[in-house]
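# Tertiary structure, described
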Amino acid sequence: MAMDGKDGLSVGAEAFLGVERSLTGRRWQSKPIDDRLAQAISQRLEVPDVVARAMVARGVDLDGAQSFLNPTLRELLPDPFHLRDIRKAAERLADAIAGGKAIGIFGDYDVDGATSSALLSRFLGAAGAEVLVHIPDRMTEGYGPNAPALLELQAKGAGVVVTVDCGITAFEALDAAASAGLDVIVVDHHAAEAGLPPAFAVVNPNRLDETSPHGHLAAVGVTFLLVVALHKVLRERGWFGAGRTAPDLLQWLDIVALGTICDVVPLVGVNRALAAQGLKVMARRTNPGIAALADVAGVKERLDAYHVGYILGPRVNAGGRVGQADLGVRLLSTADAGEAAHLAQLLDGYNKDRQEIEAAVLLAAIEQVESREADGPLIVAAGEDWHPGVIGIIAGRLKERYNRPACVIAIDGPEGKGSGRSVPGLDLGAAIIAARQAGLLTRGGGHAMAAGFSVPTERIEELRRFLGERLTAQMTGPLRPVLELDGGLDAGGATLDLVETLRRLGPFGSGNAEPRFAIMGARIVAPRIVGMGHVACQVSGRGGGRLKAIAFRAADSELGHALLANDGTPLHLAGTLRIDNWQGNTNVQLFIEDAASLL
């Protein structure tokens, strides 16, 4: 998961602090503010001016201000039956439950897939169904439903299978399932094509014939709506009662929040409510798997979106990337604290393995990118023996480093498995789908900001040109990377009170960026490399204040070099402020994202 600064077209506003090009190549801009609106929000909601101004900068108006600060499911959760096919899907699953038939779940191997699978499995189990779960192995099965796995679920007794976080482009596999008499319900959120796969039902807010305004939902959010719909259908049929207790769906919102935050969908509308309410459930540590994962990661404080996205999420993902694909869903599904602790330890170990593999592949990818001349808006790196489990992360790192969309391909003989990440304003998923329709890819799909695909090795260069042309056609002008800031502070102004006040704007993530400030005229004190290439230091302000700071994964970048080699020359530093609890002390720490010389 990444919560980066905005990359896109500069709107021509005056550069903040005069920074036209920072050390990471970005232009600094302050977020536009309507002062009168900020004052009105501050007065009506009785919030500090800094909170009101940040809300206005994030597009919040007076009517939506109360909902923004207090997002509730009662107000924001839509009627699930507004989605096409969802009643048909719920009725079919209710029939299977009443008939005592096993229900199969085929989930993706990432966090969104694991949380979707665990949520659906927990509800179906609580409703009295027998559940069979299959998570594909990334190396041997690849992404998405495959016919052998679906037919194996059928052979084990499943008369209906639900695919979660996948399936919308699995035409061949679902055709084979239909031919075998297996009903498949697709629950997905990825971009769809004009034709839908031959499934019993397709529940996806991003169907081209869908009118839902909730296309920003993660797969786990769509799955939650299916669970709500199924819960209602079972109630209507009188299933609950006579010894069967209707489960409380709110108890699983921690799982929904985990998937929603980690899939980097916009935290607006219903997503914001799911994340905010889910974090409250998570704080109660009622899910043994999430609690065990927090313990093994050493998180003692109350979990927030940062912990979920940067600490828990990568560990859940690690099983699908470099270990056992089903570990994440098993961890989130178990009610046994001992089993949860064991699974969390395994995932933590796989996460360490993933970090080592990632570091080696990232270095090779950077060397490859920098040996080529830039030839368009897209970066493509491909290599043999690159682990396919880390290519999505590497694509994200390259996107952050070069402020351009990036695709990374792991070549294995005649085929390469690829993953891509994009920047706002360029729809990579649409370009990938077009490439598949043009016959360049054997598989491919995704959404605007991320995509996955398989490509014949001999066609990689052709794919590079095709995607570059498609993305260029989407551009209305030259890409100009921008870092948006909420204001400037002296180091002494970054107080605990300020950070606590800004917490009211959370949860933070895509679509609701964490407030970002410039620490002006800062001096770097005692810089050093820590951990996996991070640069830690102290920041001294003009007024004598001092602040802890760290720049993650920056040691080999221009930013990191500037921090490590600083001779006392003041810099403007841009980043986010967080509370740091270390050895019983509570302080503010700056997470450095960028730096610029004083003019």
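Structure: above.
Presented here is a report on the structure given in the accompanying data block. (Residues numbered from 1 in each chain as written. Predicted model: local features only at pLDDT ≥ 70, side-chain atom pairs only at ≥ 80, totals over all residues. Heavy atoms only, no water.)

## Thoughts on the pattern of salt bridges
Counted only if it meets this: Basic side-chain nitrogens of Lys or Arg form a salt bridge, by our definition, when they fall within 4 Å of a carboxyl oxygen of Asp or Glu. Every helix listed is a DSSP run of H or I at least four residues long, and every strand listed is a run of E at least two residues long, numbered separately from the N terminus. Three exposure classes are used, based on accessible area relative to the maximum for each residue type with a 1.4 Å probe and protein chains only: buried under 20%, partly exposed in between, and exposed over 50%.
Here the structure, examined in full by the defined rule, presents 30 salt bridges. As a salt-bridge pair, Arg87 and Glu91 come within 3.9 Å of each other at their nearest N and O atoms. Pair noted here: Arg87 and Glu91 are both in helix H5 (residues 86–98), with a separation of four residues, about one helical turn. A relative accessible area of 26% means that Glu91 is categorised as partly exposed. Close ionic contact of Glu593 with Arg516 constitutes a salt bridge, the shortest N to O distance being 3.1 Å. Of this pair, Glu593 sits in strand E19 (residues 585–597) while Arg516 sits in strand E15 (residues 516–530), and the two are 77 residues apart along the sequence. Considered together, Glu593 and Arg516 belong to a single accessibility category, that of buried residues. Taken together, the salt bridges that share partners define one network made up of Arg87, Glu91, Asp95 and Arg237.

## Quick notes on the sheet that holds strand E7 (residues 201–203)
Test applied: Strand pairing requires that DSSP identify at least two bridges connecting the strands. Inter-axis angles, ranging from 0 to 180 degrees, are taken between N-to-C directions of lines fitted to C-alpha atoms, where helices are fitted over the stretch in contact. Between two residues, a contact is recorded if the distance between any of their heavy atoms is within 4.5 Å.
Here five strands make up an open sheet; going across it, the order is E4-E3-E5-E6-E7 and the pairing parallel. Edge strands, defined here as strands with exactly one partner in the open sheet, are strand E4 (131–134) and E7. On average, adjacent strands in this sheet sit at an angle of 20° to one another, irrespective of strand direction. Pairing of strand E3 (residues 102–107) with E4, which is carried by four bridges, proceeds in the parallel orientation. Bridge assignment links Ile105 to a residue of E4, and that residue is Val133. Against the sheet, H5 engages E3, strand E5 (158–164), strand E6 (183–187) and E7, with an angle of about 140° to E5.

## Observations concerning helix H1 (residues 35–45)
We count it as follows: Throughout, the arc means that of the directions going from the helix axis to the C-beta atoms. Two N or O atoms form a polar contact when they lie within 3.5 Å of each other; inside protein one atom must be a possible hydrogen donor and the other a possible acceptor, and for residues adjacent in sequence the pair counts only when both atoms belong to side chains.
Along H1, the residues classified as buried are Ala38, Ile41, Ser42 and Leu45. Along the axis of H1, the buried positions cluster into a sector of 100°, meaning they face one direction only. Those residues of H1 that are exposed and angled more than 90 degrees off the buried face are Arg36, Gln43 and Arg44. Contacts from the buried residues of H1 go to helix H2 (49–57) and helix H3 (65–69). With a side-chain oxygen lying 3.1 Å from the backbone nitrogen of Arg36, the N-terminal cap of H1 falls on Asp34. In the stretch just after H1, Glu46 is the one whose phi turns positive, near 55°.

## Observations concerning the sheet that holds strand E11 (residues 443–447)
The sheet built from five strands is open, its strands ordered E8-E9-E10-E12-E11 with mixed pairing. Edge strands, defined here as strands with exactly one partner in the open sheet, are strand E8 (379–384) and E11. Between one strand axis and the next, the sheet turns by 15° as a mean value, whatever way the strands run. Relative to strand E12 (residues 450–456), strand E10 (residues 415–421) is paired through seven bridges, and the arrangement is antiparallel. Along E12, the bridge assignment pairs Gly420 with Ala451. Its contacts with the sheet place helix H18 (residues 460–474) against E8, strand E9 (406–412) and E12, and it is angled at close to 145° to E12.

## Description of the nonpolar core
The condition is simple: Among buried residues, those of type Ala, Val, Leu, Ile, Met, Phe, Trp, Tyr and Cys that are joined through side-chain atoms within 4.5 Å constitute a nonpolar core.
Grouped together as the largest cluster of nonpolar side chains are 50 residues, with contacts concentrated most on Ile97, Ile103, Phe123, Leu124, Leu230 and Leu234. The biggest single contributor to this core is helix H9 (residues 219–236), with 11 residues. Not counting residues within four places of it along the chain, the set of residues in contact with Ile103 comprises Leu93, Ala96, Ile97, Leu124, Ala129, Glu130, Val131, Leu132, Ala158, Val160 and Val162. Among the nonpolar cores identified, the runner-up in size contains 44 residues, and Ala38, Leu505, Phe508 and Leu571 belong to it.

## Here we look at the environment of Asp254
In this structure, Asp254 sits in helix H10 (residues 253–262). Taking C-alpha positions, Asp254 is 25 Å from Ile97, a pair spaced 157 residues apart along the chain. With near-sequence residues (within four places) excluded, Asp254 lies in contact with Gly278, Val281, Met282, Thr286, Asn287 and Ile290.

On their own, these measurements won't tell you what the molecule is for.
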